Structure formats: C-alpha cells, structure tokens
Amino acid sequence: MLNNVWKYVDEYFIDKLIPFDETLEGVLQTNREAGIPEIDVSPTQGKLLYLLAKIKGAKNILEIGTLGGYSSIWFARALPETGKVYTLEIEPEYAKIAEQNIQKAGCANKVEVIVGKALDTLPTLKDKCPLFDLIFIDADKPNNPQYLKWALELANHGALIIGDNVVRNGEVIDEKSKDERVQGIRQFMDLLENEPRIESTAIQTVGNKGYDGFVISIVN
C-alpha cells in the first residue's frame with residue numbers, strides 16, 4: 001500500500017512541478033530500448049540535482065556513473081554556457097547511447113563522456129580538468145569509499161558532493177549484510193563520519209524509485 005502512495009505522490013509532484021519534457025522522456029525510452037538498467041534518478045530527483053547545481057552556481061560538475069545520460073542532461077541544463085559536466089561510464093555501449101541522448105538534448109557542448117573504469121579515469125582528471133564545484137557519486141557502490149577519496153582530491157573549496165542510493169531499502173543499517181553494495185555504502189558513511197574536510201547529512205527518499213536516499217556533503 002505504501003509503495004502505491006509513494007508512486008501517486010511522486011506523480012502528483014511531477015504533474016505540478018515538472019512540466020512534461022519530451023526530450024527527457026525520449027532519453028528514458030531510448031535507454032529502455034537499449035536494455036540499459038532502469039536505475040536512473042526519478043524526475044523529481046533529477047530536478048533536485050538540477051536545483052542544487054543552480055543554487056551552488058556550479059560551473060564544473062563531475063558525475064561518476066553515466067548510464068544513458070539522463071542525470072547528465074539535468075546537470076548540463078543547470079550550467080552556464082561555459083559550464084561543463086564530465087561524466088564517467090564503464091560500459092562503452094551505455095556511453096555511446098548517452099552521447100547520442102546528450103546530443104539530441106542539445107547539451108553536447110556541455111558534457112564530456114569519459115569511458116573506462118572510474119578508478120582508472122579519475123586520476124587523469126587532476127591534470128585535465130579544473131577542480132569541481134559539484135560531484136555526483138552514482139556508480140558501483142562497493143567502490144564508493146574510493147570514489148569519495150577521489151572526490152575530495154578533485155573538489156573545490158565549498159564543493160557539493162552528493163552520493164546516491166545510500167539507504168538501499170533500509171539495508172544500510174545491517175552491519176552483517178553480505179551485500180557488497182551495502183558494505184560499500186557503510187564504509188562510505190564511516191569515511192564521512194571521520195573526515196574533517198567535509199560536513200554531511202543524509203536524506204531518506206520514497207517515490208517511484210522505492211525507498212532509498214542521498215548523502216549531501218559540503219567540502220570545507
């Protein structure tokens with residue numbers, strides 16, 4: 001019953017606050033047809049990321065985990081004309097679809113898709129890119145602790161670091177979980193707890209994507 005309520009409330013907010021967007025709907029349809037897992041952020045969450053980028057006044061954004069480029073487009077739309085999103089994707093086929101989606105959305109000048117394992121490509125960004133104003137961590141959860149360490153290396157003072165899928169239907173509190181994704185999130189949380197360079201909070205979310213949540217942090 002609760003899941004149905006969450007879904008209907010999400011649909012209500014989408015209807016009221018997020019006008020129908022043929023481009024973004026087309027991205028999701030293209031991704032489904034290409035067999036890309038349907039684990040993108042929801043429309044309300046995409047709008048949240050867009051608003052956080054605008055509130056921050058971000059000019060350079062790093063996204064770890066592209067899929068088909070849905071959230072990349074939300075970020076790109078929040079940027080000024082000279083802004084840039086660097087998004088990292090391990091699967092070449094997903095990256096190809098993402099580039100096509102980004103092109104169709106008119107955001108190709110603002111988004112660069114970098115293909116390869118994030119832990120291999122992140123070190124190359126230090127010399128290639130400016131420091132980032134916002135970093136979105138939304139890839140394989142077992143590597144979240146390493147992604148956080150790199151995020152701190154690549155972040156501007158005052159940068160936002162956002163981690164997705166940190167609740168995992170409540171499983172995050174199970175210290176004995178055998179799920180590597182849960183343990184990756186728990187280690188990520190341990191690092192945040194003990195890292196003096198960053199202040200954080202966590203927000204639980206419900207809706208079309210079920211029960212999950214974000215960590216939102218600022219780099220001191």
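Structural data are supplied above this passage.
Worth saying up front: this structure is predicted, and the values here are computed from it rather than measured. (Residues numbered from 1 in each chain as written. Predicted model: local features only at pLDDT ≥ 70, side-chain atom pairs only at ≥ 80, totals over all residues. Heavy atoms only, no water.)

K.L.:
Looking at this structure, how should I read unusual backbone geometry?
P.N.:
Where the residue is not glycine, phi is negative for most of them; where a peptide bond is considered, it is trans in most cases. Phi is positive for leucine 67, close to 50°, though the residue is something other than glycine. Its place among the elements puts leucine 67 in the loop between β1 (60-64) and α4 (70-78). Overall, the relative accessible area of 15% leaves leucine 67 in the buried class. Within the chain, arginine 168 stands out as a residue other than glycine whose phi angle is a positive 55°. (Helix = DSSP H or I, 4+ residues; strand = E, 2+ residues; numbered from the N terminus. Buried < 20%, exposed > 50% of the residue type's maximum accessible area, 1.4 Å probe, protein only.)

K.L.:
Help me understand the environment of serine 200, please; the structure alone is not making it clear to me.
P.N.:
Summarising the element assignment, serine 200 is placed in strand β6 (residues 198-207). Classification of serine 200 as partly exposed rests on a relative accessible area of 36%. Sequence separation between serine 200 and alanine 76 is 124 residues; the distance between their C-alpha atoms is 24 Å.

K.L.:
Which parts of the structure should I look at to understand helix α8 (residues 180-194)?
P.N.:
Taking 1.5 Å per residue as the helical rise, α8 with its 15 residues ought to reach 21 Å, and the 21 Å between its terminal C-alpha atoms agrees with that figure. Those residues of α8 lying buried are Val182, Gly184, Ile185, Phe188 and Leu192. All buried residues of α8 project into a common sector of 160° when viewed along the axis, lining one side. Exposed residues lying more than 90 degrees from the buried face of α8 are Glu180, Glu193 and Asn194. Measuring from the side-chain oxygen of the N-cap residue of α8 to the backbone nitrogen of arginine 181 gives 2.8 Å; that N-cap residue is aspartate 179. (Expected span 1.5 Å × (residues − 1). Arc of directions from axis to C-beta. Polar contact = N/O pair within 3.5 Å; in protein donor to acceptor, adjacent residues only side chain to side chain.)

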